[in-house]
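Single-letter residue listing:
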Amino acid sequence: MTQRVLSSLQVAALLVSASYGIGFLFGSGELALQHGMAGSIYGVATALGMLVLAVFAKRLWKAGIPVWEMFGRAYGARLQNAVALLSLVWMAGVLAAQIQGGVAVVGLLGLPGPFGQGAVLLLIYGASRLDLRFASSAFAVCLLASGVVLVYALLVADGMGIYIGAVPAFARDLATFNPTRVVSMMLAVGILVCTGADYHQFVLAARRPSAATVGCILAGLCLILIGFLPAAVVVAMNHAGSLDGVPDAKQVVPFVLARVAGTLGPGADKMLLVALSAAALGSGAAIVRAMTSALASVAPHKRHESHPGLAVVAIAIGAVVAARGQGIVDTMVSVNIIYIASIGVTFAVLLRGAVMPAAHAGAIVAAGFLVSFAAYLAGWAGWLGENADTISLGCGLGASAVVALFFAARAAGSAHGIRGTGP
C-alpha cells in the first residue's frame with residue numbers, strides 16, 4: 001500500500017521533476033529551431049495534461065491503485081499483465097529520447113556517430129546497475145544545474161521580452177505545424193500524463209484527496225512557466241546569431257548551455273556537458289529499471305527484475321526506437337500513441353463503470369495495438385508522411401471502437417433473442 005504522506009507542494013514538486021527531463025529540455029529546443037515559440041508544445045501539452053489529471057485526481061486517490069491494476073480488478077490478471085507490458089511501449093519512447101539526448105551531448109564532447117551511441121548505451125546500462133537511491137539525487141542535481149544555466153542564458157541573450165510574450169507567440173507560431181500534428185502531439189502527451197503510472201504514484205501518495213488535486217494544479221501552472229524557457233532561449237540566441245555553429249538541431253540546447261557556461265570560467269562548458277550527460281544517463285537508467293520491472297512481471301520464468309538480461313532487452317528496445325531517427329519529441333509522441341490507441345477505448349469504458357467479459361476487453365486492446373503498431377511501422381517506412389502519428393492514433397482507436405461496438409451489438413442481439421423466446 002502506498003504511504004500517503006505528501007503535501008500538495010510535495011506532490012507538485014515531484015510531478016514537475018518527473019516531467020522536466022532531457023526529452024523535455026532538448027526536445028523543446030530542437031523544435032524551437034523550426035517552429036519558434038511553438039517548440040514549447042511538449043511542455044504546454046504536459047502542463048494541460050496535469051490540469052486534466054487534477055479533474056479526476058480525487059477519484060484516482062480513492063481507488064489507491066495505478067491504471068493497470070484497475071484493469072486487473074475489472075478484467076483479470078491476464079489483461080493487467082498485458083497493460084503493464086504495453087507500458088513498455090511508451091517507456092521505450094522515453095528511453096529513446098534519453099539515448100538521443102545523450103548522443104547529442106557526447107557528440108559535442110567529441111565522440112560522434114556510432115561510437116557515441118555505443119558509449120551512451122553502455123553507460124546507461126552501467127547506470128541502471130547502480131543503487132539509484134543515491135545516484136538519482138546526483139542526476140537530479142545535474143539537471144537542476146542545467147536549469148539554472150538556462151535561466152542565465154535567457155538573461156544573457158536579452159530574451160526576457162521573448163519569454164514574457166511567450167503565450168501569444170506560441171499561439172501565433174503554432175501555424176508552422178501541420179494542424180493534425182498539433183492534435184496528435186497534444187493528445188499523445190496530455191493523455192499519457194493522465195494515464196501514466198509514473199505520474200500516478202505521486203497522486204496516490206498525497207496525504208488527502210485535496211492535496212492530490214491541488215498538487216496537480218500547481219504542477220500544471222509551474223510547467224507552463226518552465227515549458228516556455230528552452231524555446232525562449234533558443235529563439236533569443238537565434239535572433240542574436242549565436243547558433244551558427246550548431247551541428248544538429250538535437251544539440252541546440254546543450255550547445256547553448258555549454259557556450260554560456262564557458263563564459264563563467266575555463267572548463268565550465270565541459271563540466272556542464274558532463275552534467276547534462278549524467279542527467280541523460282540517470283533518466284535513462286530510471287526508465288530501464290521501470291522497463292525491467294515490467295518485463296520481469298511477464299517473463300515466462302518470472303526472472304527477478306535485477307537480472308542483467310532484462311536490462312539488455314530494455315536498452316535494445318529503446319535503441320531500436322531511437323534508430324528511427326525522428327526528432328526527440330516526435331520519438332516520444334509516436335510510441336505514446338500506440339499505448340493510448342491500445343488502451344484508450346477500454347479505459348473509457350472502465351471509467352464509465354460498464355462491465356464486459358475479460359475476453360472482449362482483451363480483444364479490444366489487441367485490435368487497437370495491432371492496427372496502431374502497423375501504422376507506426378508504415379510511418380517508419382515513410383509511407384504516411386507527416387500524418388503518420390494522426391493515422392496511427394485514429395486507426396488504432398477506430399479499430400478498438402469497431403470491435404467494442406461489434407461485441408455490444410452481439411450482446412444486445414443475444415439479449416433480444418432471449419426475451420423473444422418467452423411465453
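Up top is the structure these notes are about.
The rules behind each value
- Residues numbered from 1 in each chain as written.
- Predicted model: local features only at pLDDT ≥ 70, side-chain atom pairs only at ≥ 80, totals over all residues.
- Heavy atoms only, no water.
- Helix = DSSP H or I, 4+ residues; strand = E, 2+ residues; numbered from the N terminus.
- Rg over C-alpha atoms; globule rule 2.2 N^0.38 Å.
- Contact = heavy atoms within 4.5 Å.
- Axes fitted to C-alpha atoms, helices over the stretch in contact; angles between N-to-C directions.
- Left-handed = near helix turned anticlockwise from the far one by under 90°.
- Nonpolar A, V, L, I, M, F, W, Y, C, P; charged D, E, K, R; others polar.
- Expected span 1.5 Å × (residues − 1).
- Buried < 20%, exposed > 50% of the residue type's maximum accessible area, 1.4 Å probe, protein only.
- Phe/Tyr/Trp six-rings, centres within 6.5 Å; stacked < 30°, edge-to-face > 60°.
- Lys NZ or Arg CZ within 6 Å of the ring centre and 35° of its normal.
- Patch = residues over 30% accessible without salt bridge, like charges linked within 9 Å, V, L, I, M, F, W, Y side chains within 5 Å.
- Areas by Shrake-Rupley, 256 points an atom, 1.4 Å probe, with all protein chains shown as cover.
- Salt bridge = Lys/Arg side-chain N within 4 Å of Asp/Glu carboxyl O.
- Parallel < 35°, antiparallel > 145°, perpendicular 65-115°, else oblique.
- Disulfide = S-S within 2.5 Å.

K.L.:
Can you walk me through the overall build of the protein chain in this structure?
P.N.:
Helix and strand content of the protein chain: 20 helices and 0 strands. The C-alpha radius of gyration computed for the protein chain amounts to 22 Å, which stays within 12% of the reference 22 Å derived for 423 residues, consistent with globular compactness. Considered along the principal axes of its C-alpha atoms, the protein chain spans approximately 90 × 50 × 50 Å. Considering only contacts in the protein chain between residues 6 or more positions apart, those separated by 24 or more positions represent 81%.

K.L.:
So what exactly am I meant to see when it comes to the packing of helix 15 (residues 252-262) against helix 16 (residues 268-298) here?
P.N.:
Any two packed helices are characterised by the angle at which their axes cross and by the distance between the axes. Where helix 15 contacts helix 16, the two axes come as close as 7 Å, and the packing angle between them is 145 degrees. As helix 15 packs across helix 16, the resulting crossing turns out to be right-handed. Residues Pro-254, Leu-257, Ala-258, Ala-261 and Gly-262 of helix 15 pack against Ala-268, Asp-269, Leu-272, Leu-273 and Leu-276 of helix 16. A class-by-class count of the residues in the contact of helix 15 with helix 16 yields 8 nonpolar, 1 polar and 1 charged.

K.L.:
Help me understand helix 13 (residues 209-227), please; the structure alone is not making it clear to me.
P.N.:
Since the α-helix turns once every 3.6 residues, residues separated by three or four places project in the same direction. Between its first and last C-alpha, helix 13 extends 27 Å over 19 residues, near the 27 Å set by a 1.5 Å rise per residue. Listing the buried residues of helix 13 in full gives Ala-211, Ala-212, Thr-213, Gly-215, Cys-216, Ala-219, Gly-220, Leu-223 and Gly-227. Those residues of helix 13 that are buried are in contact with helix 1 (8-19), helix 2 (22-35), helix 3 (41-55), helix 4 (57-63), helix 12 (197-204) and helix 14 (229-239).

K.L.:
What is the right way to read the packing of aromatic side chains from this model?
P.N.:
Here the distance between the centres and the angle between the planes together describe a pair of aromatic rings. This structure, assessed with the given rule, holds 9 aromatic pairs. Residues Phe-170 and Phe-228 carry aromatic rings whose centres are separated by 5.8 Å and whose planes lie at 75 degrees to one another, so their mutual orientation is edge-to-face. A residue pair is termed long-range when its members are at least 10 positions apart, and Phe-170 in helix 10 (residues 166-173) and Phe-228 in the loop between helix 13 and helix 14 qualify at 58 residues. As far as the burial class goes, Phe-170 and Phe-228 line up, both buried. In this arrangement the basic side chain of Arg-4 is found over the ring face of Trp-61, its NZ or CZ atom lying 3.9 Å from the centre. Directly above the ring of Tyr-376 sits Arg-324, whose terminal nitrogen or CZ lies 4.8 Å from the centroid.

K.L.:
Looking at this structure, how should I read a nonpolar patch on the surface?
P.N.:
A cluster of nonpolar side chains, namely Val-151, Leu-155, Met-160 and Ile-164, defines an oily patch on the protein surface of about 370 Å² accessible area. Among the elements of the structure, helix 8 (132-156) and helix 9 (160-164) are those that each provide at least two residues to the nonpolar patch. Inspection of the secondary structure puts Leu-155 in helix 8. Of the residues examined, Leu-155 reaches a relative accessible area of 47% and is grouped as partly exposed.

K.L.:
Would you mind showing me how to read the pattern of salt bridges here?
P.N.:
Should the charged atoms of two oppositely charged side chains come close, the side chains can pair. Here the structure, examined in full by the defined rule, presents 3 salt bridges. With a closest N to O distance of 3.5 Å, Arg-172 and Asp-173 form a salt bridge. The exposure class of Arg-172 is exposed, given its relative accessible area of 55%. Overall, the relative accessible area of 15% leaves Asp-173 in the buried class. Across the pair Asp-330 and Arg-181 runs a salt bridge, and its minimum N-O distance is 2.7 Å. Taken as a pair, Asp-330 in helix 18 (residues 328-351) and Arg-181 in helix 11 (residues 179-195) lie far apart in primary sequence, 149 residues in all.

K.L.:
Just checking my understanding: could you explain helix 3 for this structure?
P.N.:
In this model, helix 3 (15 residues) spans 21 Å end to end at C-alpha, consistent with the 21 Å of a helix rising 1.5 Å per residue. Across the 15 residues that make up helix 3, a large majority, 11, are buried.

K.L.:
What's the story with the packing of helix 6 (residues 77-108) against helix 19 (residues 358-380) in this structure? I'm lost.
P.N.:
The geometry of helix 6 relative to helix 19 is characterised by a closest axis approach of 11 Å and an angle of 15 degrees between their N-to-C directions. With respect to their mutual orientation, helix 6 and helix 19 come out roughly parallel. For the crossing formed where helix 6 meets helix 19, the hand is left-handed. Seen from helix 6, the contacting residues are Leu-79, Leu-86 and Val-89; seen from helix 19, they are Ala-361, Gly-362, Val-365 and Phe-369. Class assignment for the residues of the contact of helix 6 with helix 19 results in 6 nonpolar, 1 polar and no charged.

K.L.:
Can you help me understand the environment of Gly-64 in this one?
P.N.:
Among the secondary structure elements, Gly-64 is positioned in the loop between helix 4 and helix 5 (67-75). For Gly-64, a relative accessible area of 15% corresponds to the buried category. On a C-alpha basis, the gap between Gly-64 and Ala-175 in space is 41 Å, while along the polypeptide they are 111 residues apart. With residues up to four places along the chain from it excluded, the contact list for Gly-64 reads Arg-4 and Leu-204.

K.L.:
Can you walk me through the environment of Val-333 in this structure?
P.N.:
Structurally, Val-333 is set in helix 18. Residues Val-333 and Ala-258, spaced 75 residues apart in sequence, show a C-alpha to C-alpha distance of 28 Å. Those residues in contact with Val-333 that lie beyond four places of it in its chain are Ser-184, Met-185, Ala-188, Val-189 and Asp-389.

K.L.:
Would you mind showing me how to read the state of the cysteines here?
P.N.:
One covalent bond between the sulfur atoms of two cysteine residues makes up a disulfide. According to the stated counting rule, one finds 0 disulfides in the structure shown. You can see Cys-222 has no disulfide; the closest cysteine sulfur is in Cys-216, sitting 13 Å from it.

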